[in-house]
Amino acid sequence: MSATLGVRRVRAPRGTVLSCRGWAQEAALRMLMNNLDPEVAERPDDLVVYGGTGKAARSWEAFDRICDALRALEGDETLLIQSGKPVGVFRTHAGAPRVLIANALLVPRWATWEHFRELEGQGLIMFGQMTAGSWIYIGSQGIVQGTFETFGEVAERHFGGTLAGRLVLTAGLGGMGGAQPLAVTMNGGVCLAVEVDEARARRRVATRYCDEITRSLDEAVARCRAACAEQRPLSVALIGNAAETHAALLERGVIPDVATDQTSAHDPLVGYVPAGLDLEQAAALRESDPAEYVRRARRSMADQVRALLGMKARGTVLFDYGNNLRGEAANGGLERERAFSYPGFVPEYIRPLFCVGKGPFRWAALSGEPSDIAATDAAALEEFPDDRRLHRWIPLAAERVAFQGLPARICWLGYGARARLGLRFNRMVRDGQLKAPIVIGRDHLDAGSVASPWRETEAMRDGSDAVADWPILNALLNCASGASWVSVHHGGGVGIGNSIHAGMVIVCDGSHETDARLERVLTNDPGTGVMRHADAGYREAIECATRTGMKLPGITG
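**Q** Got a minute to help me understand the overall build of the protein in this structure?
**A** For the protein, the count of helices and strands is 19 helices and 17 strands. Computed over its C-alpha atoms, the radius of gyration of the protein comes to 22 Å, within 12% of the 24 Å expected for a compact globule of 557 residues. Taken along the three principal axes of its C-alpha coordinates, the protein extends 65 × 55 × 45 Å. Sorting the 557 residues of the protein into buried and exposed places 62% on the buried side. By sequence separation, contacts in the protein at least 24 residues apart represent 71% of the contacts at least 6 residues apart. With an accessible surface of roughly 19600 Å², the protein has 51% of that area assigned to carbon and sulfur atoms. Taking the average location of the 62 positive side-chain charges in the protein and that of its 66 negative ones, the two points are 1 Å from each other.

Take a look at the structure:
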């Protein structure tokens with residue numbers, strides 16, 4: 001596929017006919033293409049999948065070469081990808097990963113946005129975000145359950161288990177943030193989501209992730225207040241700039257019950273529009289004076305956080321959703337102590353799940369058939385009859401989460417459960433219950449795969465927030481265990497200089513040989529999360545490791 005043919009023709013092949021020499025290679029090809037499906041990617045013409053500038057390949061030439069290399073790849077060879085460009089094919093062995101990916105891994109002294117952009121301009125590097133550059137992004141459907149879990153924990157902690165009658169204020173309806181309105185309403189609440197780009201908001205309405213859209217702040221508030229009074233789930237997209245709308249809401253005395261943010265604040269040049277500019281004006285300033293653009297964006301973020309803190313002072317439950325808004329607000333002039341005076345979502349709501357290896361387990365049907373996801377949904381419910389939240393989530397997802405590109409599903413599973421479900425899927429492929437193999441992956445936001453001091457590893461009990469050995473060990477162990485492809489990235493979610501993270505994917509092709517690989521990979525991958533948190537001294541992780549017989553020197557014996 002070349003650029004001259006048009007990106008909108010990039011769609012993942014479906015069915016059981018192989019264009020590659022094995023299912024692992026075929027899955028990598030289909031998922032790479034799926035990342036750039038117009039239903040999935042934010043800006044497919046530019047190879048941008050989500051998160052500001054998170055790309056699937058460095059250039060269209062590199063994309064073509066990756067596809068050609070995958071089609072020619074033998075079953076005992078491994079393709080190496082350096083920041084979105086194929087750089088080598090080496091003979092390894094049949095049990096090794098078919099693809100190894102490294103994105104944006106700058107030497108720490110040079111790990112700044114400025115140096116990254118200099119190298120990017122020279123065509124030497126690419127920002128892979130998290131699942132964009134590791135070819136396992138599945139659109140907003142991939143993040144919606146994590147968002148559902150987070151808002152579910154908020155409801156449990158503060159509101160008796162439901163968001164019914166509660167107003168949630170947020171901003172950002174891009175590839176990640178677009179899941180927020182649906183996740184709130186699935187928890188019974190009312191969501192007011194501010195989005196500066198009307199096209200993004202309309203896309204979320206079209207895909208049923210958001211219910212309504214308006215340009216009027218007063219109208220948005222009236223609709224939300226009426227829904228809260230009736231305890232009726234509703235999501236409203238308000239077209240506006242959060243640096244302006246949040247201050248206006250505070251001035252009007254509109255104090256939400258919950259507030260957060262999922263703008264692409266981690267990238268102040270591309271991911272956030274300064275107050276006072278429309279999209280065209282922002283694009284012009286970004287081109288003519290990048291430094292001034294960044295200065296104004298950071299100043300606007302500081303204004304947005306000031307408004308959020310004003311709401312917090314009047315009773316709003318406020319948490320950071322891991323996009324580095326707090327850090328960029330501090331860069332924009334807000335006192336750092338004030339900017340970081342509210343917690344991140346991981347230490348506040350998610351860490352107990354990470355301690356038992358629980359996190360975002362996702363899978364896609366390579367057949368392209370929704371019936372394959374329906375069959376795997378049923379299998380998941382059957383395997384875990386006592387998982388209350390899973391039994392609430394799967395039926396809701398089947399009813400309300402629209403497929404984007406290849407049909408896919410996500411659910412949060414922990415240590416032991418992932419391997420159990422993976423083996424079930426592989427038997428289903430082997431027995432002909434599914435029309436084609438299933439590809440299993442996860443978000444990089446997982447129990448043992450990230451070092452990110454302003455998100456996944458914020459406020460670790462032992463102070464090890466910035467120690468990046470753990471995601472590297474995760475990637476190395478996934479390679480040794482036999483994952484189909486493995487990736488290591490820098491900067492995803494919170495921006496260059498702020499994180500190192502790893503991803504893995506494994507394909508259920510139905511073979512008996514794959515049973516052993518699935519059991520190893522899907523046990524060891526979440527196991528590194530239990531290990532990492534046990535090492536940091538978390539009681540829940542130590543108990544999980546002891547209960548399950550993990551061998552952690554100095555901890556379990």
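Having seen it, we continue.
**Q** Looking at this structure, how should I read the packing of aromatic side chains?
**A** The description of an aromatic ring pair uses the distance of the two centres, along with the angle that the planes make with each other. Under the defined criterion, the tally for this structure stands at 15 aromatic pairs. Relative to Phe319, the ring of Phe151 lies with its centre 6.2 Å away and its plane at 65°, an arrangement referred to as edge-to-face. One end of the pair, Phe151, is in helix 4 (residues 144-158); the other, Phe319, is in the loop between strand 11 (317-318) and helix 11 (325-331), with 168 residues separating them in the sequence. A single burial state applies to Phe151 and to Phe319, both of which are buried. In this arrangement the basic side chain of Arg109 is found over the ring face of Trp110, its NZ or CZ atom lying 5.8 Å from the centre. Here the guanidinium or amino end of Arg326 rests over the ring plane of Tyr342, the centre of that ring lying 5.9 Å away.

**Q** Explanation requested: the pairing of strand 4 (residues 85-91) in the structure shown.
**A** Across six bridges, strand 3 (residues 77-82) lies against strand 4 in antiparallel orientation. For Leu80, the partnering residue across the bridge sits in strand 4 and is Gly88.

**Q** Looking at this structure, how should I read the packing of helix 9 (residues 279-288) against helix 10 (residues 290-313)?
**A** Each pair of packed helices can be summarised by the angle the axes make with each other and by the distance between the axes. Their axes nearest at 5 Å, the elements helix 9 and helix 10 cross at an angle of 130°. Taken as axis vectors, helix 9 and helix 10 run oblique relative to one another. In this structure, helix 9 contributes Ala282, Leu285, Arg286, Glu287 and Ser288 to the contact, and helix 10 contributes Pro290, Glu292, Tyr293 and Arg296. Residue classes in the contact of helix 9 with helix 10 are distributed as four nonpolar, one polar and four charged.

**Q** I would appreciate a short explanation of the sheet that holds strand 7 (residues 190-195) in the present structure.
**A** The strands making up a sheet are joined through hydrogen bonds of the backbone, oriented either antiparallel or parallel. Overall, parallel pairing links the six strands, which are arranged 8-9-7-6-10-11 in an open sheet. Lying at the two open borders of the sheet, with one neighbouring strand each, are strand 8 (212-214) and strand 11. The pairing of strand 10 (residues 258-259) with strand 11 spans two bridges and is parallel. What sits directly across from Ala259, in strand 11, is Leu318.

**Q** How should I be thinking about the nonpolar core in this particular structure?
**A** Met31, Trp135, Trp393, Phe425, Ile440 and Trp485 are the most contacted members of the largest nonpolar core, which has 117 residues in total. With residues up to four places along the chain from it excluded, the contact list for Phe425 reads Phe361, Trp363, Thr376, Ala379, Leu434, Ile438, Ile440 and Cys508.

**Q** How should I be thinking about helix 14 (residues 370-383) in this particular structure?
**A** Owing to its 3.6 residues per turn, the α-helix brings residues three or four apart onto one side. Under the 1.5 Å per step criterion, the end-to-end length of helix 14 is 20 Å for 14 residues, consistent within 8% with the ideal 20 Å. The complete set of buried residues in helix 14 reads Asp372, Ile373, Thr376, Asp377, Ala379, Ala380 and Glu383. Each buried residue of helix 14 lies within a common arc of 165° when the element is viewed along its axis, so the set occupies one face. Residues of helix 14 that are buried sit in contact with strand 12 (359-365), helix 15 (388-400), strand 13 (408-413), helix 16 (417-430) and strand 14 (438-442).

**Q** So what exactly am I meant to see when it comes to the pattern of salt bridges here?
**A** A pair can form between side chains of opposite charge whenever their charged atoms are brought close. As enumerated under the stated definition, the model contains 39 salt bridges in all. Among the ionic pairs, Arg21 bridges to Glu74, the shortest N-O distance being 2.3 Å. With Arg21 in the segment before helix 1 (23-35) and Glu74 in the loop between helix 2 (60-72) and strand 3, this residue pair connects regions lying 53 residues apart in the sequence. Since its relative accessible area comes to 51%, Arg21 is described here as exposed. Of the charged contacts, one joins Arg298 and Glu328 as a salt bridge, the two residues approaching to 2.6 Å between their closest N and O atoms. Of this pair, Arg298 sits in helix 10 while Glu328 sits in helix 11, placing them 30 residues apart in sequence.

**Q** Sorry if this is basic, but what is going on with the layout of surface pockets here?
**A** Using a probe with the size of a water molecule, rolled over the atoms, empty space left in the structure can be pinpointed. Roughly 240 Å³ of internal volume is contained in the second largest pocket. His490, Gly497, Asn498, Ser499 and Ile500 are the residues nearest the centre of the second largest pocket, which is lined by 13 residues in total. Tallied by class, the residues present in the lining of the second largest pocket amount to nine nonpolar, four polar and no charged.

**Q** Looking at this model, I keep getting lost on the state of the cysteines. Mind explaining?
**A** Between two cysteines, a covalent bond joining their sulfur atoms is known as a disulfide. Counted under the stated rule, the structure contains zero disulfides. Free cysteine Cys355: the closest other cysteine sulfur is in Cys544, separated by 9.0 Å. Not engaged in a disulfide, the cysteine Cys479 finds its nearest cysteine sulfur in Cys508; these two sulfurs lie 18 Å apart. Judged by relative accessible area, which is 23%, Cys479 ranks as partly exposed.

**Q** Can you walk me through helix 15 in this structure?
**A** Helix length check: helix 15 (13 residues) gives 19 Å between terminal C-alpha atoms against 18 Å at 1.5 Å per residue, within 8%. Where helix 15 is concerned, the buried positions are Arg389, Leu390, Trp393, Ile394, Leu396 and Ala397. At its buried positions, helix 15 is contacted by helix 4, helix 5 (180-186), helix 14 and strand 13.

**Q** Would you mind showing me how to read a nonpolar patch on the surface here?
**A** Judged by side-chain polarity, Ile472, Leu473 and Leu476 come together as a nonpolar surface patch covering roughly 260 Å² of accessible area. Position of Leu476 relative to the elements: it lies in helix 17 (residues 469-481). Looking at Leu476, the relative accessible area reads 52%, which means it is exposed.

Rules used throughout
Residues numbered from 1 in each chain as written. Predicted model: local features only at pLDDT ≥ 70, side-chain atom pairs only at ≥ 80, totals over all residues. Heavy atoms only, no water. Helix = DSSP H or I, 4+ residues; strand = E, 2+ residues; numbered from the N terminus. Rg over C-alpha atoms; globule rule 2.2 N^0.38 Å. Buried < 20%, exposed > 50% of the residue type's maximum accessible area, 1.4 Å probe, protein only. Contact = heavy atoms within 4.5 Å. Areas by Shrake-Rupley, 256 points an atom, 1.4 Å probe, with all protein chains shown as cover. Lys, Arg positive; Asp, Glu negative; His and termini not counted. Charge placed at Lys NZ, Arg CZ, Asp CG, Glu CD. Phe/Tyr/Trp six-rings, centres within 6.5 Å; stacked < 30°, edge-to-face > 60°. Lys NZ or Arg CZ within 6 Å of the ring centre and 35° of its normal. Pairing = 2+ DSSP bridges. Axes fitted to C-alpha atoms, helices over the stretch in contact; angles between N-to-C directions. Parallel < 35°, antiparallel > 145°, perpendicular 65-115°, else oblique. Nonpolar A, V, L, I, M, F, W, Y, C, P; charged D, E, K, R; others polar. Core = buried A, V, L, I, M, F, W, Y, C linked by side-chain atoms within 4.5 Å. Expected span 1.5 Å × (residues − 1). Arc of directions from axis to C-beta. Salt bridge = Lys/Arg side-chain N within 4 Å of Asp/Glu carboxyl O. 1 Å grid on protein atoms, 1.4 Å probe; cavity = no way out; pocket = protein on both sides within 12 Å on 5 of 7 lines; lining within 4 Å. Points joined across faces, edges and corners; volume = space filled by probe spheres on them. Disulfide = S-S within 2.5 Å. Patch = residues over 30% accessible without salt bridge, like charges linked within 9 Å, V, L, I, M, F, W, Y side chains within 5 Å.

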